[in-house]
Amino acid sequence: MNNNNNWLQSRRKFVRNISFLAGASSLPWLLNSCTDDVGEFELTTKNFDSEQYYLLSKVHDVLFPKDQFGPGAAYFKTVEYLDWVLSDVNIDEEDKSYMLTGIKWMEESAKEEFSKEFSRLDEIEIHELISRVSKQNWGESWLSRNLTYIFEAQFSDVLYGSNINGEGWKWLSHYPGYPRPTADMIYDEIFATIGSRSY
Amino acid sequence: MLKDKYDIVIVGSGAGAGPIAYEMSKAGKKVLVLEKGPWFKTEDFFKDEIVTSRRSVYTPNLKDEPQVIEELNAEGEWKAKSNSVSGRDFWNGSVVGGSSNFMSGYFHRMKPVDFTLLSSFGKIEGANIVDWPISYDDLEPYYDKVEKIVGVSGEARKHSSLEPRSSLDFPFPPLKENIISSWIDEACRKEGYESVRCARSIISSPKNERTSCSYSHYCGSYGCSTGAKGSSRVALLDEALKTGNLDISAFSKVFYLKSDAGKVTEAHFYDKNGEVKKVSADIFVVAGQAIESTRLLLMSKSDEFPDGLANNNGLLGKNLIFSGGGVGSGDLHKRDLVEVDFEELLKPGVFVNRSIQNWYSIDDVDFGIAKGGTVDFLFEHSNPTGKAIRQKWNNDGSLLYGSELKKKMKYYFTQMRKISFEVFNDWLPTDNCFVTLDSEVKDKWGDNVARIRISNHKQDIIVGEFLAEKAEIILKNLGAKNIKSNISGGAPPNLVAGGCRFGNDKKTSVLDKNCKAHEVGNLYVTDASFMPTGGSVPYTWTIYANSFRVADEILKKYM
């Protein structure tokens, strides 16, 4: 019989080898996605290999670029955030599989549309590819889901490690509300913290 | 360490449970509250959108605890689907204090006419309308009690549909308001509407250990970090604990009420480790919110009650109701409001707190005579992810991304503010809205889950649209653009009642007028399940008031 597993088990494990609680600025995140040479990356993502990481970085850059309005996806480390999302033991397996399948479809689309691998596309071709797939049902849906996670990354509390220095709020003059969460009560820890108490 | 026996065992800990626990423990009775969820304290609540709104922390994982939703499809066939597949979540807060922790606390009393819906407005074909077995006057002292004990802030400004009150004014003064509140007052004056200052279950000055509202900008859906919001947990259970007579057992999922000779003798529950525990008591109170309370009684079969506890007339689970109505909104743009200080409009934290109730009972030349409802005005929720998600679509429905999306977001967050309204009108009880046990789908403990058939009466939509039209006029008067509303038969999961309707006739109701099961000598149901009709306001104040009333009845009977 299942018991209240969520509340009994520490879920530190799926934060991988990175402590989100140590302060975002010192974390060994990957080089940002503007870098083309993926071979030099110290890949720390649990769910993506280097090619998948590269593809997602490029897609996120197009979906949410750095521009005159504010920081872009790379600044908010949205691919790492998505990796964290997919590592959640509570995530629906279908949702997880959908995000990974979308990467596969993007790779296939690159071959169909430009007769080359995604990693060989130049910036213009990447923009064109995203424009084309966004007009297909699967593409629109998958890109839309990525945007949702990009939003979550930039608006989540700084303790989650993506909303660096609260810039996700600042560029929109957003007042985040107080009190802000403590390290033991963010999503990673809250089940273990509350579940370990005796009443 | 729990005792083997209590004077009273309460299943659930929300608005229906808190007043019973409070009154019984203060009267010296030994009380046990069994809550299936964890126990968050005031200091455990933060403004964390991921925890509160983006993941299921305060509600169960639907894979672990699904419910089956049954609705008519486009072909007119009933189709059932587990919400572990559809994601349609009908849980509202499985924690100590229940969903009262996460309510917005828009507090309206039901009005006298709500207690006599059948005799005031007559029959409606296809709707199982009845008068209540109690009157507004019976409940008024308890509405008053809630104002003082749970804590309600507001102002009893005279208006044509103000309910009779035994106290001149509210015990807590109105909360601070955004500048838009005065604009709504003015817009209503121009249109000949009465602008009503909506009461809130949020205290504006300290009470015991509770500090007053901090205007944190995040209220509805969030647990209160100051204790200002009148949750059952902070307002009642925390106070009851001080007596030393109350035990609260979190992670305790009751799955069976054992009965013998017309009385409940034991509650059986799974503890934190999934082990079965049993506790006995003289009195049992069920308050697990309408759907799950019904489910527990349906699961509690015995030789005496082969179709479920207190269900020998087959009415258990019938006449489930939600709240009719819907939502509407309009956009206020800085560029259109050059003569006002737009920064004042953007000011976070402070409230709108305005309602219109001119059409609580409709007597309109074109529309005719009917039961109407309430409109509450409010700002769009502050959750930034939620706001951003709504910006990622172009007007033609295509996906917006890149700098164009960011430009739109920048404008949306800094150059405009969305003002919304919510319409509340009766969800008429019908034969096609009820709870049963699903025969196949089971929860993580292996028990059959609730199957909820949902259907609304067409009158709910007609009335809702009438009220939304009136509200849209106010938004237009405010200078809002892109005004729209959506009145539908969609069931709001957080506004659920019925299933164990109360009444004087054993053949047509599950509970008697004091919310004791007709067929069971010591079983009470005190969440919103008792309500045969729901009124045209959110339910929480009425649940609290009725639970205080039932507590008095129990004390009269057993003390």
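The shown structure was predicted, so the numbers you read here are calculated from the model rather than taken from an experiment.

Q: Before we move on, could you go through the overall build of chain A and cite the residues and values that matter?
A: Of the regular secondary structure elements, chain A holds 8 helices and 0 strands. When the elements of chain A are put in sequence order from the N terminus, they spell out α-α-α-α-α-α-α-α. Of the roughly 8600 Å² that chain A leaves accessible, carbon and sulfur atoms contribute 47%.

Q: Can you break down the sheet that holds strand β6 (residues 196-197) of chain B residue by residue, with the values?
A: All names here are of chain B. Here we have 6 strands laid out as an open sheet, ordered β6-β14-β17-β18-β13-β21, and antiparallel in their pairing. Taken across any chain shown, the strands that pair with only one partner, and hence form the sheet edges, are β6 and β21 (481-487). Set on the sheet, helix α12 (residues 458-477) makes contact with β13 (323-333), β14 (354-356), β17 (373-379), β18 (416-426) and β21; between it and β18 the angle comes to about 150 degrees.

Q: Can you break down the interface of chain A and chain B residue by residue, with the values?
A: Chain A puts 60 residues into the contact, and the matching count from chain B is 55 residues. Between chain A and chain B lies a buried interface of about 4800 Å² when both sides are counted; carbon and sulfur atoms form 62% of it. Linking chain A with chain B are 5 salt bridges, by the criterion used here. Ionic pairing is found between Arg197(A) and Asp44(B), a salt bridge with its closest N-O pair at 2.7 Å. Inspection of the region where chain A meets chain B yields 20 residue pairs in polar contact (both at pLDDT 80 or more).

Q: Give a detailed account of helix α4 (residues 93-114) of chain A, specifying residues and quantitative values.
A: Residue and element names in this part refer to chain A. Its 22 residues place the ends of α4 32 Å apart at the C-alpha level, agreeing with the 32 Å of an ideal helix rising 1.5 Å per residue. Turning to α4, its buried residues number three or more, namely Tyr98, Met99, Gly102, Ile103, Met106, Ser109, Ala110 and Phe114. Looking straight down α4, one finds that the buried residues subtend no more than 145 degrees of arc, so they occupy a single side. Exposed side of α4, more than 90 degrees from the buried face: Glu93, Glu94 and Glu112 are the residues found there. Its side-chain oxygen placed 2.9 Å from the backbone nitrogen of Glu94, Asp92 serves as the N-cap of α4. Positive phi appears at Ser115, one or two residues downstream of α4, with a value of about 55 degrees.

Q: Give me the lowdown on the environment of Met24(B), citing residues and values where you can.
A: All names here are of chain B. Its place among the elements puts Met24 in helix α1 (residues 18-26). Looking at Met24, the relative accessible area reads 1%, which means it is buried. Residues Met24 and Ile8 lie 16 residues apart in sequence; the distance between their C-alpha atoms is 8.1 Å. The contact partners of Met24, leaving out residues within four places of it in the chain, are Ile8, Lys29, Val31, Ala551, Ile554 and Leu555.

Q: Before we move on, can you summarise the nonpolar core with the specific residues and values?
A: Counting 106 residues, the largest nonpolar core has Leu257(B) and Leu523(B) as its most contacted members. For Leu523(B), the residues in contact, after removing those within four places along its chain, are Leu257(B), Val264(B), Phe284(B), Val286(B), Leu297(B), Leu309(B), Cys515(B), Lys516(B) and Ala517(B). Among the nonpolar cores identified, the runner-up in size contains 68 residues, and Tyr53(A), Phe114(A), Trp142(A) and Met185(A) belong to it.

Q: Describe in detail the environment of Thr436(B), supporting the description with residues and values.
A: Residues and elements named next belong to chain B. Relative to the assigned elements, Thr436 resides in strand β19 (residues 434-442). For Thr436, a relative accessible area of 28% gives the class partly exposed. Sequence spacing of Thr436 and Arg451 is 15 residues, and the spatial spacing of their C-alpha atoms is 5.2 Å.

Q: Requested: an account of the sheet that holds strand β4 (residues 78-82) of chain B, with residues and values cited.
A: Sheet strands pair by backbone hydrogen bonding; their relative direction is either parallel or antiparallel. Residues and elements named next belong to chain B. The mixed open sheet is built from 4 strands, whose spatial order is β4-β3-β20-β19. A strand with exactly one partner marks an edge of an open sheet, and here the two such strands are β4 and β19. Between one strand axis and the next, the sheet turns through 30 degrees on average, direction left out of account. As paired strands, strand β3 (residues 68-72) and β4 are joined by 5 bridges and run antiparallel to one another. Bridged to Glu70 within β4 is Ala80.

Q: How would you sum up the side chain of Gln391(B)? Please name residues and give values.
A: Residue and element names in this part refer to chain B. Topologically, Gln391 is positioned in the loop between α10 (384-389) and α11 (403-414). In this structure Gln391 comes out as buried when scored by relative accessible area, which is 5%. If we ignore the near neighbours within four places in the chain, the residues touching Gln391 are Leu400, Leu405, Lys408, Met409 and Tyr412.

Q: So what's going on with the pairing of strand β1 (residues 5-11) of chain B? Which residues, and what values?
A: In the case of a regular strand, side chains alternate between the two sheet surfaces. All names here are of chain B. Where burial is concerned, most of β1 is hidden: 5 out of the 7 residues are buried. Pairing of β1 with strand β11 (residues 276-286), which is carried by 6 bridges, proceeds in the parallel orientation. Within β11, the position partnered with Ile8 by the bridge is Ile283. Bridge analysis of β1 against strand β2 (residues 31-34) gives 4 bridges, and the strand direction is parallel. By the bridge assignment, Ile10 is partnered in β2 with Val33. Each parallel crossover has a hand, and for β1 linked through α1 to β2 it is right-handed.

Q: Lay out the packing of helix α2 (residues 50-63) of chain A against helix α6 (residues 137-155) of chain A in plain terms, naming residues and giving numbers.
A: Residues and elements named next belong to chain A. At their nearest, the axes of α2 and α6 sit 10 Å apart, and the two run at 80 degrees to each other. Judged by the angle between their axes, α2 and α6 are roughly perpendicular. Contact residues: Leu55, Leu56, Val59, His60 and Leu63 in α2; Trp142, Leu143, Asn146, Leu147 and Ile150 in α6. Its residues assigned to classes, the contact of α2 with α6 comprises 8 nonpolar, 2 polar and no charged.

Q: Give a detailed account of the packing of aromatic side chains, specifying residues and quantitative values.
A: Scanning all chains against the criterion turns up 38 aromatic pairs over all chains. Between the aromatic rings of Tyr187(A) and Phe191(A), the centroid separation amounts to 5.7 Å while the plane-to-plane angle is 75 degrees, which identifies the pairing as edge-to-face. Placement of the pair is Tyr187(A) and Phe191(A) together in helix α8 (residues 187-195), with a separation of 4 residues, close to one helical turn. A single burial state applies to Tyr187(A) and to Phe191(A), both of which are buried. An angle of 70 degrees between the planes, with centres 6.4 Å apart, marks the rings of Phe377(B) and Phe421(B) as edge-to-face.

Q: So what's going on with the confidence of the model for chain A? Residues and values would help.
A: Predicted coordinates in areas of low pLDDT are best not read in detail. All names here are of chain A. In the predicted model, chain A carries a mean pLDDT of 83, and 79% of its residues have values of at least 70. A low-confidence stretch, residues 1-5 stays under pLDDT 50, and its non-local contacts, those more than four residues away or across chains, total 16 contacts. Low pLDDT (under 50) marks residues 8-39, which in the prediction has 75 contacts with non-local residues, meaning those over four places away or in another chain.

Q: Please give an account of the packing of α2(A) against α4(A) that cites residues and values.
A: Residue and element names in this part refer to chain A. Packing of α2 against α4 brings their axes to within 10 Å, and their N-to-C directions diverge by 85 degrees. When the axes of α2 and α4 are compared, the pair comes out roughly perpendicular. From α2, Gln52, Leu55, Leu56 and Val59 reach across to α4, where they touch Ile103, Met106 and Glu107. Partitioned by chemical class, the residues of the contact of α2 with α4 number 5 nonpolar, 1 polar and 1 charged.

Q: I'd like a rundown of the side chain of Glu140(B), residues and numbers included.
A: Residue and element names in this part refer to chain B. Relative to the assigned elements, Glu140 resides in helix α5 (residues 136-151). There is a polar contact of 2.9 Å between the side chain of Glu140 and the side chain of Arg109. One polar contact links Glu140 to Ser166, side chain to side chain, over a distance of 2.8 Å. Glu140 has contacts with Arg109, Pro164, Arg165 and Ser166, leaving out every residue within four places of it along the chain.

How each quantity is defined
- Sequence order as written defines residue numbering, which begins from 1 separately in each chain.
- Whichever chain is written first becomes A and whichever ligand is written first becomes 1, with later ones labelled in order.
- Where local features are concerned, this predicted model is filtered to residues with pLDDT of at least 70; where side-chain atom pairs are given and counted, the filter is 80 or more; whole-chain, interface and lining totals use all residues.
- Note: side-chain values were computed over all heavy atoms of the structure, leaving out hydrogens and water.
- Secondary structure elements are taken from DSSP: a helix is a run of H or I of four residues or more, a strand is a run of E of two residues or more, and numbering for both begins at the N terminus.
- Residue-level accessible areas treat just the shown protein chains as cover; the underlying method is Shrake-Rupley with a 1.4 Å probe.
- Here, strands pair whenever DSSP counts at least two bridges between them.
- Contacts are assigned to residue pairs that have any heavy atoms within 4.5 Å of one another.
- Axes here refer to lines fitted to C-alpha atoms; in helices the fit is confined to the stretch in contact. Angles between the N-to-C directions go from 0 to 180 degrees.
- By convention, the term buried area covers the 1.4 Å-probe accessible surface removed from two parts as they join, with the contributions of both added.
- In what follows, salt bridge is the name for a side-chain nitrogen of Lys or Arg lying within 4 Å of a carboxyl oxygen of Asp or Glu.
- Under this definition, polar contacts are N or O atom pairs within 3.5 Å; protein pairs additionally need one hydrogen-donor-capable and one acceptor-capable atom, and for neighbouring residues in sequence, both atoms have to be side-chain atoms.
- Given the number of residues in a helix, its expected span is that number minus one, multiplied by 1.5 Å.
- Burial status follows relative accessibility: with a 1.4 Å probe on protein chains alone, a residue under 20% of its type maximum counts as buried, one over 50% as exposed, and anything between as partly exposed.
- Working definition: the arc comes from the directions between the helix axis and the C-beta atoms, pointing outward to the latter.
- What makes a nonpolar core is a set of buried Ala, Val, Leu, Ile, Met, Phe, Trp, Tyr and Cys residues whose side-chain atoms join them at distances within 4.5 Å.
- Convention used here: a crossover is right-handed provided that the path from the first strand, over the helix, to the second strand proceeds clockwise when the strands point away from the viewer.
- Orientation categories follow fixed angle ranges, with anything under 35 degrees roughly parallel, anything over 145 roughly antiparallel, 65 to 115 roughly perpendicular, and all other angles oblique.
- Gly is put with the polar residues, along with every residue not named as nonpolar or charged; the nonpolar set is Ala, Val, Leu, Ile, Met, Phe, Trp, Tyr, Cys and Pro, and the charged set is Asp, Glu, Lys and Arg.
- Note on ring pairs: Phe, Tyr and Trp rings are taken, using the six-membered ring of Trp, and paired if centres are within 6.5 Å. Classes follow the plane angle, with under 30 degrees stacked, over 60 edge-to-face and the rest tilted.
- Residue-level confidence of the predictor, termed pLDDT, takes values from 0 up to 100.

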